[in-house]
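An overview of the molecular structure
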Amino acid sequence: MSRPIATVASFRSKNAGPFTVTIDIFFDSADDYRQVRDGGQLRPETVAPRYDLDPEAVSVYFVDSVSAAKVSLPRRLPGGDPDDTDVCGGQMFVPLLSLSVEGVGRGTAHVTGT
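Cut-offs used in this document
- Residues numbered from 1 in each chain as written.
- Predicted model: local features only at pLDDT ≥ 70, side-chain atom pairs only at ≥ 80, totals over all residues.
- Heavy atoms only, no water.
- Pairing = 2+ DSSP bridges.
- Helix = DSSP H or I, 4+ residues; strand = E, 2+ residues; numbered from the N terminus.
- Axes fitted to C-alpha atoms, helices over the stretch in contact; angles between N-to-C directions.
- Core = buried A, V, L, I, M, F, W, Y, C linked by side-chain atoms within 4.5 Å.
- Buried < 20%, exposed > 50% of the residue type's maximum accessible area, 1.4 Å probe, protein only.
- Phe/Tyr/Trp six-rings, centres within 6.5 Å; stacked < 30°, edge-to-face > 60°.

The sheet built from 4 strands is open, its strands ordered β2-β3-β5-β4 with antiparallel pairing. Two strands lie at the open edges of the sheet, namely β2 (9–15) and β4 (59–63), each paired on one side alone. Averaged over all pairs of adjacent strands, the angle between strand axes in this sheet comes to 20°, irrespective of strand direction. Across 5 bridges, the pairing between β4 and strand β5 (residues 68–74) is antiparallel.

The structure is reproduced here in structure tokens:
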């Protein structure tokens, strides 16, 4: 049985300069964090398609001390560009909400697209 990742984590996204966005994923429990981290599915190859990017342009970091993951990716347009629809990058996490997490709280988990 899968659950949306949003049911086991909170998300925050923001600018990391005019050309990069960073997305913080804070897991509700250390167990959920470890299961998603160890599942190996939250990686550039699974994040990049949600943003129509090359996986080489995406970085995923895991921060064990706070049970969180950080995703960094390039902005499509520089922050503040007249055509930019999210100047602060505050809504850039939304495509990641489509990830489903299987097995959270019951053993090994993995993340898949829904």
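Formed by 23 residues in total, the largest nonpolar core has its most connected members in I23, I25, F27, V47, V71 and L96. Looking at this core, the elements with two or more residues in it are β2, β3 (20–27), α1 (30–39), β5 and β6 (99–102). In terms of residue count, the dominant contributor to this core is β3 (4 residues).

What follows deals with the packing of aromatic side chains. Overall, the coordinates contain 3 aromatic pairs when judged by the stated rule. Counting every residue linked through ring pairs, the aromatic cluster contains F27, Y33 and F62.

Now for the environment of T46. Its location among the elements puts T46 in helix α2 (residues 44–47). Overall, the relative accessible area of 15% leaves T46 in the buried class. For the pair T46 and V58, spaced 12 residues apart in the sequence, the C-alpha separation amounts to 9.8 Å.

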